[in-house]
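Topology and contacts: notes
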Amino acid sequence: MSTVDTRAVRGETQDAGRKPLRIGMLLPSSNPMAEPELSAMLPSGISVLTTRLKLAGSTREELLGMTDKIEEASALLSDARVDLIVFNCTAVSTFDPVMGSKISQRITDACGRPATTTADALLAAFKAMNVKRVVLITPYVKAVNLREVEFLKHYGIEVLSETGLDLKEGNGMASVSPDEWVELARAHRDDTADAYFLSCTAIHVTPIIDRLERELGRPVVTSNQAMLWHCLREIGYKQPVEGFGKLLSAY
């Protein structure tokens, strides 16, 4: 994982006469939610450009199959002169402890652009907030949840409880309402947790992050929120983004 040399940009969205900053995103093909979630949180002058990779299921073969054409997709984003490319899929990038670093390296090797993954973003976010114990809430099938628990454990993060909705693809995941996620988080409240982690880039949770933080008294981390926070810092943007949780506003 590399940090973009933004030279004159150090915390400002863009300098006079400077091109806008662009984040290139590789996204599962069945995910209809990441772009609107990110659009709601994006600071002015920064854009997210997307290329999709085939993923419309949750089997081991389907998840790993999303990585088959990383090089081709990365080259397409590179043509748009993005400043950074992010592989934005939690289930795939946390498939094992080294999957994220392998994907990032493949992207950079393919097109010469700095790269990162959702897994990298989550680990950076938890480290920044000194999070060691989480409640994990997902739309996933059990096997995906258990792999994510093992991934977090490998990096020193204890999962106090995990629950998933047994949904297999992005459209179904996106159909769960924000209020349903609120009820699920309430039902799994644990005051010994350092944070609540709403995992998956295909879920609609941006409108409820602040609300849940007030109710639960703990930071709430989501996959798209953490990914955006991490990418903004990688491209040199360090201003607070208000309205989407403590991570974006305070770190």
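Note that residues are indexed from 1 along each chain, following the sequence as it is written. Note on the predicted model: pLDDT of at least 70 is required for a residue's local features to be given, and 80 or more for side-chain atom pairs to be given and counted; whole-chain, interface and lining totals, by contrast, use all residues. Based on all heavy atoms of the structure, the side-chain values leave hydrogens and waters out of the count.

1. Let's talk about the confidence of the model for the chain
In the predicted model, the chain carries a mean pLDDT of 93, and the fraction of residues at 70 or more is 92%. Low pLDDT, under 50, characterises residues 1-17; the predicted model gives this stretch 39 contacts beyond four residues in sequence or across chains. Scored from 0 to 100, pLDDT reflects the predictor's confidence in each residue. The contact definition used throughout considers only heavy atoms, calling two residues in contact when any of these lie within 4.5 Å.

2. Looking at the sheet that holds strand β7 (residues 195-198)
DSSP-based pairing: two strands are paired if at least 2 bridges between them are found. Helix numbering and strand numbering both begin at the N terminus, where a helix is a DSSP run of H or I of at least 4 residues and a strand a DSSP run of E of at least 2. Pairing in this open sheet of four strands is parallel, and the strands run β6-β5-β7-β8 from one edge to the other. Each edge of the sheet is formed by a strand with only one pairing partner; in this case those strands are β6 (158-163) and β8 (220-222). Between one strand axis and the next, the sheet turns by 25 degrees as a mean value, whatever way the strands run. Taken together, the three bridges between β7 and β8 define a ladder with parallel strand orientation. Bridge pairing in β8 links F197 to V221. Here, axes are lines fitted to C-alpha atoms. For helices the fit covers the stretch in contact, and angles between N-to-C directions go from 0 to 180 degrees.

3. Let's talk about the sheet that holds strand β3 (residues 84-87)
Reading across from one edge, β2-β1-β3-β4 is the order of the four strands in this open sheet, with parallel pairing throughout. Where the open sheet ends on each side, the last strands, each with one partner, are β2 (46-53) and β4 (115-117). Taken pair by pair, the neighbouring strands of this sheet meet at an average axis angle of 25 degrees, ignoring direction. Pairing of β3 with β4, which is carried by three bridges, proceeds in the parallel orientation. Looking across to β4, one finds that V86 is bridged to T116. On the sheet, helix α3 (residues 70-79) packs against β1 (21-28), β2 and β3 and is oriented at approximately 150 degrees with respect to β2. Of the strands in this sheet, β1, β2, β3 and β4 are in contact with helix α11 (residues 223-234), which crosses β3 at around 160 degrees.

4. So, the side chain of R233
Among the secondary structure elements, R233 is positioned in helix α11. The rule is simple: take the accessible area with a 1.4 Å probe, protein chains only, and divide by the maximum for that residue type; under 20% is buried, over 50% is exposed, in between is partly exposed. His is not counted here, nor are the chain ends, while Lys and Arg score as positive and Asp and Glu score as negative. Any Lys or Arg side-chain nitrogen located within 4 Å of an Asp or Glu carboxyl oxygen qualifies as a salt bridge. Despite its burial, R233 remains without a salt bridge, the nearest opposite charge being carried by E234 at 9.0 Å. Filtering out sequence-adjacent residues up to four positions away, R233 remains in contact with K238, Q239, L248 and Y251.

5. Quick notes on empty space enclosed by the protein
Any residue with an atom within 4 Å of a point lines the site, the site being either a cavity, points on a 1 Å grid over the protein atoms alone where a 1.4 Å probe fits but cannot get out, or a pocket, an open set with protein on both sides within 12 Å along at least 5 of 7 lines. Grid points are joined across faces, edges and corners, and a volume is the space filled by probe spheres set on the points. Throughout the structure, instances matching the rule amount to one cavity of 30 Å³ or more. Those elements that place two or more of their residues in the lining of the largest cavity are α4 (90-93) and α8 (170-174). Nonpolar residues are Ala, Val, Leu, Ile, Met, Phe, Trp, Tyr, Cys and Pro. Charged residues are Asp, Glu, Lys and Arg, and all others, Gly as well, are polar. Grouping the constituent residues of the lining of the largest cavity by class yields ten nonpolar, seven polar and two charged.

6. Digging into helix α10 (residues 209-216)
Inspection of α10 places I209, L212, E213 and L216 among the buried residues, and these make up the whole buried set. One face of α10 carries all of its buried residues, which in axial projection span an arc of 100 degrees. Summarising the contacts, the buried residues of α10 are in contact with α9 (178-187), β7, β8, α11 and α12 (246-250). When we speak of the arc, we mean the arc of directions from the helix axis to the C-beta atoms.

7. With respect to the packing of aromatic side chains
Two aromatic rings, drawn from Phe, Tyr or Trp (for Trp, its six-membered ring), form a pair once their centres lie within 6.5 Å of each other, and the interplanar angle then sorts them: stacked below 30 degrees, edge-to-face above 60, tilted otherwise. Applying the stated criterion across every chain, the model contains two aromatic pairs. Consider the rings of F126 and F197, whose centres lie 5.6 Å apart with planes at 80 degrees: the pair is edge-to-face. In this pair, F126 is assigned in helix α6 (residues 118-128) and F197 in strand β7, connecting sequence segments 71 residues apart. Pair check on accessibility: F126 and F197 agree, each one buried. Note on F151 and Y155: the rings are 5.1 Å apart at their centroids and 55 degrees apart in plane angle, and the pair reads as tilted. F151 sits in the buried class, given a relative accessible area of 3%.

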